[in-house]
Amino acid sequence: MLDVDLVITNATLATMDADIPAPYGLIEQGAVMIKGGSIIWLGQMQDMPEFDVLATPLHDAKGQLVTPGLIDCHTHILFSGNRATEFEQRLNGVSYQQIAQQGGGIASTVRATREADVETLFVLGKERLSSLLREGVTTVESKSGYGLDCENEIKLLTVNQLLNENHPVDVQSTFLGAHALPPEYKERADDYITLVCEEMLPQVAKQQLAVAVDVFCENVGFSYEQTKRVFTKAKQLGLKIKCHAEQLSNQHGSELVAEFGGLSADHIEYLDEQGVIAMAKAGTTAVVLPGAFYFLRETQQPPIDLLRKHQVPMAIASDFNPGTAPLCSLRLMLNMACTLFKMTPLETLQGVTVNAAKALGLSDRGVLKVGMRADIAAWQVEHPAQLSYQFGVSDLSNLWISGKLINYS
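Not measured: the values here are computed from a predicted model.

Visitor: How do you make sense of the sheet that holds strand E13 (residues 314-316) when you look at a structure like this?
Guide: Two pairing modes exist for strands in a sheet, parallel and antiparallel, and in both the strands are linked by backbone hydrogen bonds. Ordered in space as E6-E7-E8-E9-E10-E11-E12-E13, the eight strands form an open sheet in which the pairing is parallel. The two strands at the open ends of the sheet, each matched to only one other strand, are strand E6 (70-72) and E13. Direction aside, neighbouring strands of the sheet carry axes that sit 25° apart on average. Bridge analysis of strand E8 (residues 170-178) against strand E9 (residues 212-217) gives three bridges, and the strand direction is parallel.

Visitor: So what exactly am I meant to see when it comes to the UniProt feature "binding site: Zn(2+)" (unreviewed entry) in the protein here?
Guide: The residues that UniProt annotates with the feature "binding site: Zn(2+)" (unreviewed entry) are His74, His76, His244 and Asp319. Spatially, the listed residues are clustered: although they cover 246 residues, their C-alpha atoms lie within 12.3 Å of one another. The topology assignment puts histidine 74 in the loop between E6 and helix H1 (84-91). In this view, histidine 74 contacts Glu141, Lys143, His244, Asp266, His267, Val287, Leu289, Ala317, Ser318, Asp319 and Phe320; residues no more than four positions away in its chain are not counted. Only 3.2 Å separates the side chain of histidine 74 from the side chain of histidine 76, close enough to count as a polar contact. By the secondary structure assignment, aspartate 319 is in the loop between E13 and helix H12 (330-341).

Visitor: Just checking my understanding: could you explain the packing of helix H4 (residues 118-133) against helix H5 (residues 150-166) for this structure?
Guide: Any two packed helices are characterised by the angle at which their axes cross and by the distance between the axes. Two numbers describe how H4 lies on H5: the axes approach to 9 Å, and their chain directions differ by 50°. Judged by the angle between their axes, H4 and H5 are oblique. For H4 against H5, the interelement crossing comes out right-handed. Together, Val118, Leu121, Phe122, Gly125, Lys126 and Leu129 of H4 and Lys155, Leu156, Val159, Leu162, Leu163 and Asn166 of H5 make up the contact between the two elements. In terms of residue class, the contact of H4 with H5 is built from eight nonpolar, two polar and two charged.

Visitor: Can you help me understand the pairing of strand E3 (residues 38-44) in this one?
Guide: A regular strand places its side chains so that they alternate between the two faces of the sheet. Summarising the sheet, strand E2 (residues 26-35) and E3 pair through six bridges and their orientation is antiparallel. Along E3, the bridge assignment pairs alanine 31 with glycine 43. Between E2 and the antiparallel strand that follows it, E3, lie two residues; glycine 36 among them carries a positive phi value of about 60°.

Visitor: It is not clear to me how the nonpolar core should be interpreted in this structure. Could you clarify?
Guide: In summary, soluble globular proteins display a tendency toward joint burial of nonpolar side chains. Counting 90 residues, the largest nonpolar core has Phe175, Val230 and Leu307 as the members making the most contacts within it. In terms of residue count, the dominant contributor to this core is helix H6 (residues 189-206) (eight residues). When residues of this core are sorted by domain, at least three fall in each of domain 1 (6-69 + 367-406) and domain 2 (70-360). Not counting residues within four places of it along the chain, the set of residues in contact with valine 230 comprises Ala178, Ile193, Val196, Cys197, Leu201, Val213 and Val215. Core analysis: the second largest hydrophobic core is formed by 16 residues, Leu13, Ile39, Ala61 and Ala374 among them.

Thresholds applied
Residues numbered from 1 in each chain as written. Predicted model: local features only at pLDDT ≥ 70, side-chain atom pairs only at ≥ 80, totals over all residues. Heavy atoms only, no water. Pairing = 2+ DSSP bridges. Helix = DSSP H or I, 4+ residues; strand = E, 2+ residues; numbered from the N terminus. Axes fitted to C-alpha atoms, helices over the stretch in contact; angles between N-to-C directions. UniProt positions renumbered as here; feature names shortened; annotations may be inferred. Contact = heavy atoms within 4.5 Å. Polar contact = N/O pair within 3.5 Å; in protein donor to acceptor, adjacent residues only side chain to side chain. Parallel < 35°, antiparallel > 145°, perpendicular 65-115°, else oblique. Left-handed = near helix turned anticlockwise from the far one by under 90°. Nonpolar A, V, L, I, M, F, W, Y, C, P; charged D, E, K, R; others polar. Core = buried A, V, L, I, M, F, W, Y, C linked by side-chain atoms within 4.5 Å. Buried < 20%, exposed > 50% of the residue type's maximum accessible area, 1.4 Å probe, protein only. Domains from an automatic or database assignment.

The following block contains the structure:
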């Protein structure tokens, strides 16, 4: 007789387990048994092992769809201020260059974020995490990158740590010191990269404030060689590697990530087949960000067919940030990935579960399977395709994180 903490019964399980041949790894009339925050058994109800029915909490899913908790594997949730007035200016014909010359753009977010204290940033981050939680999101990657000096980058990563300790969502912290050139380093990008490598990264590693390092490798960001310097130092310090790559042009950042055995290349609108092949060989995940594509009104789409051809895992994320994707909704990204990038509902659900976990280097979630964390979402829908088909309807009925029922209202 199994000793269990919770049994979920009468569920349609979209396990996302590739070892189950049905689409979505579907198990009809399924059940899940949880002990100590992990899944210890799942399958069809008729095959359930014996357990103490009287002593064990039961949850009747009443035929609802049950999936892994969703994972938002690329966000910038920690910032202060907003850029709505710049949004309005652009729509009235003011160029981004003019806005930047007036002190706007990322410089305005950096200014506001530097001025914000830990408590302010914590409250802002908590509200944004709660918005994602209400959509069934149980893990979120949160990047720094709006401090752009040692003190303020450490401040942002410290807030990530506080959020992880005080919010139900599991927060995976990424250091993005090489996000943009701060105003005090204007036309001195190499000197700023030296600061990132010699001062910021050692402190981040010593204080264990991040699990990964990201760089914006782009013609308006940092060069291939500057990115390589950061990756080299990050690898020496034992930090995982990610990259904003090929968003506006092909700088071959994706190939560089692959060379370093990195977790993911993100954005990738201008990724070519050479880069796709390198990612496939390295096991690097492609993270597509339809919210930024939409908000910036881009026309160059990521090479979805090439990624399929070479079997590169595709993840999807919100990229929530104040400048290019002020859209704090992972569910909206599912629909956008289908409508804008012609991904299938199966690919999009994989993109926010099993492949999103790969993009973060997490092997303990993203799939309903024995031994995995019991991060589980129950939905008032009949078929998994509904999760990408409709948006704005509150169809999450129950959510568990590490087997604990979460109040997300």
